[in-house]
Amino acid sequence: MVLLLDLPPRAAEPDRAPVARAGAFWWPRGWNEQRVLLERQHDRLERLLDQLIDHHSVAEADLCAAVLEDHRRGCHRLVRALALHLRLEERWLAERGCLCGGHRAAHAQAAALAADGLVRTESLHIARLAWLMDIQAWFRQHRSGADAIAYARARQGAHQAPFTLSPAVR
């Protein structure tokens, strides 16, 4: 015999990043949840940049081969995480009509410079420090500039009713 229990309704989903729940994957649909996820990604990227800069500030001669390899892998992880973040941010801002061509071009330029710099500094530990500091400067400026403006526009759009034409105007 199977006993079915009447379960209470689920509470509204809080603002948080995607998490696995009982075999299902929750992905943010509304701008408020998406913004929280993007901000968390920003924070993680900034922490990773800070760590890599700290690691690369140590003279190469003072580091063993395993540590140098770990630093190199960290730079690869940074470039991949940055590219994924920029793509996701573009997708969600474009869905809200808040991604201008200049913002998209800035993302493309940053991703290309990050990837090119990674190749150029692959075996040059000290050169990666300058490259990492350039990425950090761009990222901080972009986050407080273009991203802040686009996020504010998306927030305004999330609180407004969608624009539709009346049947008489069509």
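Residues numbered from 1 in each chain as written. Predicted model: local features only at pLDDT ≥ 70, side-chain atom pairs only at ≥ 80, totals over all residues. Heavy atoms only, no water.

Peer 1: Any details on the side chain of H142? Residues and values, ideally.
Peer 2: Here H142 shows up in helix 4 (residues 125-158). With relative accessibility at 4%, the residue H142 sits in the buried group. Only 3.0 Å separates the side chain of H142 from the side chain of H107, close enough to count as a polar contact. Excluding its chain neighbours within four sequence positions, the residues that come into contact with H142 are E89, H103, A106, H107 and D147. (Helix = DSSP H or I, 4+ residues; strand = E, 2+ residues; numbered from the N terminus. Buried < 20%, exposed > 50% of the residue type's maximum accessible area, 1.4 Å probe, protein only. Polar contact = N/O pair within 3.5 Å; in protein donor to acceptor, adjacent residues only side chain to side chain. Contact = heavy atoms within 4.5 Å.)

Peer 1: Go over the pattern of salt bridges, please, and point to the residues and values.
Peer 2: Opposite charge on two side chains permits pairing when their charged atoms draw close. Evaluated as defined, the whole model comprises ten salt bridges. Between D70 and R73 there is a salt bridge, with the nearest N and O atoms lying 3.5 Å from each other. Of this pair, D70 and R73 are both found in helix 2 (residues 65-95), three residues apart, which corresponds to roughly one turn of the helix. Looking at D70, the relative accessible area reads 37%, which means it is partly exposed. Classification of R73 by relative accessible area gives partly exposed; the value is 42%. (Salt bridge = Lys/Arg side-chain N within 4 Å of Asp/Glu carboxyl O.)

Peer 1: Pulling in residues and values, what's your account of helix 2?
Peer 2: When the terminal C-alpha atoms of helix 2 are compared, their 45 Å separation across 31 residues agrees well with the 45 Å that a helix rising 1.5 Å per residue should span. Directly after helix 2, the chain includes G97, whose backbone phi takes a positive value near 70°. (Expected span 1.5 Å × (residues − 1).)

Peer 1: Give me the confidence of the model for the protein chain: which residues, what numbers.
Peer 2: Confidence along the protein chain averages 84 in pLDDT terms, with 78% of residues attaining 70 or more. A low-confidence stretch, residues 1-17 (pLDDT under 50), is modelled with 15 contacts involving residues beyond four sequence positions or located in other chains. In the model, residues 161-166 has pLDDT below 50 throughout and makes one contact with residues more than four positions away in sequence or in other chains. (pLDDT = per-residue confidence, 0-100.)

Peer 1: Report on the nonpolar core, specifying residues and quantitative values.
Peer 2: By size, the foremost hydrophobic cluster in this structure holds 17 residues, and its most contacted members are L78, L82, W131, L132 and I135. Contributions of two or more residues to this core are made by helix 1 (31-56), helix 2, helix 3 (101-120) and helix 4. Core analysis: the second largest hydrophobic core is formed by eleven residues, W31, L37, L88 and A150 among them. (Core = buried A, V, L, I, M, F, W, Y, C linked by side-chain atoms within 4.5 Å.)

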